[in-house]
Amino acid sequence: MHGRLKLRPPDAARRRQREEKLRLYRSAMATLLEKRERGELDAEVLALTGAVLAANPDVGTCWNLRRQALPPEPADWVPGELAFVGGCLGVNPKSYGAWHHRGWVLRRAPAAPPAAAERAFCDRLLAADPRNFHAWEHRRALAAEEDPEAELAFTGTLLSRDFSNFSAWHHRGRLLAPARGPGAAGDGALPPHRLQTELELVQNAVFTDPNDQSAWVYLRCILSRPSPPPRILCLYVNREDATLAVTFSRPVMVGAKGSALTATVDGSALEGAWRSGEGRPRPSHTWLCDLPPAPPPTQPRLHFRITWEPGPAHREVTLLQDENEAWWQEPIVARELFWPEVGVAEAPVLAAQAETCRQLLELEPRSRGCLLTLVLLLSALDPLAHEEETRRCLRDLQEADPLRRGFVADVASRAEAALGVLRQEAGPDGDVRLRLPGKALTSLPLLEQMALVTHLQLPGNGLGGAPPALGGLRRLQVLDLSHNRVATLRGLPPLPRLEELRLDGNPISHASALAPLAACPRLARLRLAETPLAATPGAAAHLAQLLPRVDVALA
């Protein structure tokens, strides 16, 4: 019933047959274990393990005993053993034990078997199951010593039969990895002639089946480079807070379990331990170190030099005598904000691919891979010039892929954050304002690019909390989180310069949810209008006890 296939119970003859096989298996395993205890690794062990493994190649104990029982000189038994393993793989082509044993035999062979024979063996298995990753890995090991062009032709043949063969795309990408060296086209980019060949292959695939994801994933891979290593993006030093902050492009671990980050002040090493800007012992974008106290009222000129052990260069910043703060920030590269792994520098190549995506969307407007790829290409070309088209593609992607709305919402949040970073305004007094009102943000990425922001406006979004990475915004004075979905500020690290926080219209119902604000020394104004807490009797008294120096507005 309910559409399930009814299985007939085994008849008496089949039951007796299964019981007999189980009895033989138990008898063989008992004999093998007894012989192992007595150290008798002889021809009978090979016969018994052969019988068991021919029926079930996944008994790891038998493979181990077989390796111990084989003679030390492999010249005589290698061909037979390879044939035996081939038969076992005919029973279970994805047996880990059988593939491991085959590799063990090949490593001990006096002369390597013909590569053509091994490739033919892999071909037979891949013809039966194109996704047999064991066979692909075995073939990849063989290809390491062969002409890669022959393997590329092999993958091309498989893809001509079925463009959905993701394993063949993956194998092709692995073969091309050595060609992705530093060059004029960008670090990690393919040579132009090879890139053009691959783009033509992908174009044939996506126009054949626009809804298959394999070719789209491969296209994004060949246009990408490996994720760039972490580097220092910003240095910020504040005399009043006596803190030096170092912001990285990616979360890193500093200290005993991570790489070395060292700082000198006027040539002398800065003593003291580094701590995460998030307040947690885990990889973080921002790391802080306390400055040594200076005897008042002196405010000497200080020159800081920061060295990050894995990085190729050091960074410097100078705090002048009459200044309270100083910073250095790496120039922002617009094309790397949304897609930092983009590895193709030539705008015409990216523009041509974007135009291909547009043409395909006229035929297949709900192609998920095409929509996502076009968003990435537009962001790599010019995010500001293509912002409306990017938003339209993301809206279409949400409609085309309702099961991944959360993922698409996070992608859209990163796109909006990138646009906000590019539009942040620097005032003559040093204030930096970043506005992202009503952008449907579900997350707040790129905070490492907002290290110098003083006014951050995020009203009318879908944020569910204040991310711990806000601890890296050491200059933040005004934070507007009104009309979001913030129910608690748990996990918010201390913000040393925060003066005003707006939380109107959020589902905050308990004063204890605001406890982290007690660690913000300069907080003077807090807005909680239109929150459940504002309508709670005694809320004002609880908040006055929790935040005695803060002017709280409940209406």
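Read on for an overview of the structure.

**Some remarks on the nonpolar core**
Counting 71 residues, the largest nonpolar core has W169, I222 and L223 as the members making the most contacts within it. With 9 residues, helix α14 (residues 368–381) is the largest single contributor of residues to this core. If we ignore the near neighbours within four places in the chain, the residues touching W169 are L159, F163, L201, V202, A205, S214, A215 and Y218. By size, the runner-up hydrophobic cluster in this structure holds 43 residues, among which are L441, L473, L492 and C520.

**Side note on the state of the cysteines**
A complete count under the given rule lists 0 disulfides for this structure. The thiol of C88 is unpaired, and the distance to the nearest cysteine sulfur, on C62, comes to 10 Å. Residue C88 is classed as buried on the basis of its relative accessible area, which comes to 1%.

**Digging into the pairing of strand β1 (residues 232–238)**
Burial of β1 is extensive: 7 of the 7 residues sit out of reach of the surface. In terms of strand pairing, β1 meets strand β2 (residues 243–252) through 6 bridges, oriented antiparallel. Within β2, the position partnered with C234 by the bridge is T247. The hairpin turn running from β1 into β2, its antiparallel successor, is 4 residues long, and A242 in that turn takes a positive phi close to 55°. Of the pairings in the sheet, the one linking β1 to strand β9 (residues 325–329) comprises 5 bridges and is antiparallel in character. Bridging from a neighbouring strand, N238 pairs with E325 of β9.

**A closer look at the side chain of S482**
Checked against the element boundaries, S482 lands in the loop between β13 (478–480) and β14 (500–502). Its relative accessible area of 8% is what places S482 among the buried residues. Of the polar contacts made by the side chain of S482, one reaches the side chain of D480; its length is 2.7 Å. For S482, the contacting residues outside a window of four places in its chain are L458, P459, G460, R502, L503, D504 and N506.

**Some words on the sheet that holds β9**
One open sheet holds the 5 strands; their spatial order is β5-β6-β2-β1-β9, and the pairing between them is antiparallel. Looking along the sheet, the strands with just one partner apiece sit at the ends: β5 (275–276) and β9. Bridge count between β5 and strand β6 (residues 284–290): 2 bridges; the pairing is antiparallel. By the bridge assignment for β6, S276 is matched with W287.

**A word on the pattern of salt bridges**
As enumerated under the stated definition, the model contains 39 salt bridges in all. Put simply, E198 and R194 hold a salt bridge, and the shortest N to O gap is 3.3 Å. Of this pair, E198 and R194 both sit in helix α10 (residues 192–208), separated by 4 residues, roughly a single helical turn. Across the salt bridge formed by R391 and E388, the nearest N and O atoms sit 2.8 Å from each other. Placement of the pair is R391 and E388 together in helix α15 (residues 387–400), with a separation of 3 residues, close to one helical turn. The class for R391 is buried, based on a relative accessible area of 17%. Linked through salt bridges whose partners overlap, the residues forming this network are K35, R38, E40, D42 and E44.

**Details of the packing of helix α1 (residues 12–38) against helix α2 (residues 43–55)**
Viewed as axis vectors pointing N to C, α1 and α2 meet at an angle of 145°, and their least axial separation amounts to 10 Å. Crossing geometry of α1 relative to α2 is assigned as left-handed. Note on element contacts: α2 touches α1 through E44, V45, L48, T49 and V52, opposite Y25, A28, M29, T31, L32 and K35. When the residues that make up the contact of α1 with α2 are grouped by side-chain class, the tally is 7 nonpolar, 2 polar and 2 charged.

**A closer look at the sheet that holds β14**
If you walk across this open sheet you meet the 7 strands as β10-β11-β12-β13-β14-β15-β16, and the pairing is mixed. Single-partner strands in this sheet number two, and they are β10 (425–426) and β16 (551–553). Here 3 bridges tie β14 to strand β15 (residues 525–527), and the two strands are oriented parallel to one another. In the strand pairing of β15, R502 is matched with R527.

**Considerations on the environment of N132**
Mapped onto the elements, N132 comes out in the loop between α6 (115–128) and α7 (133–143). Using a relative accessible area of 0% as the deciding quantity, one classes N132 as buried. Taking the C-alpha atoms as reference points, N132 and A117, separated by 15 residues in sequence, lie 18 Å from one another. Not counting residues up to four positions away in its chain, the partners in contact with N132 are P93, K94, W99, L125 and L126. Within the structure, the side chain of N132 is placed 3.1 Å from the backbone oxygen of P93, a separation counted as a polar contact. A polar side-chain atom of N132 sits 3.1 Å from the main-chain amide nitrogen of H134.

What counts and how
Residues numbered from 1 in each chain as written. Predicted model: local features only at pLDDT ≥ 70, side-chain atom pairs only at ≥ 80, totals over all residues. Heavy atoms only, no water. Core = buried A, V, L, I, M, F, W, Y, C linked by side-chain atoms within 4.5 Å. Buried < 20%, exposed > 50% of the residue type's maximum accessible area, 1.4 Å probe, protein only. Helix = DSSP H or I, 4+ residues; strand = E, 2+ residues; numbered from the N terminus. Contact = heavy atoms within 4.5 Å. Disulfide = S-S within 2.5 Å. Pairing = 2+ DSSP bridges. Polar contact = N/O pair within 3.5 Å; in protein donor to acceptor, adjacent residues only side chain to side chain. Salt bridge = Lys/Arg side-chain N within 4 Å of Asp/Glu carboxyl O. Axes fitted to C-alpha atoms, helices over the stretch in contact; angles between N-to-C directions. Left-handed = near helix turned anticlockwise from the far one by under 90°. Nonpolar A, V, L, I, M, F, W, Y, C, P; charged D, E, K, R; others polar.

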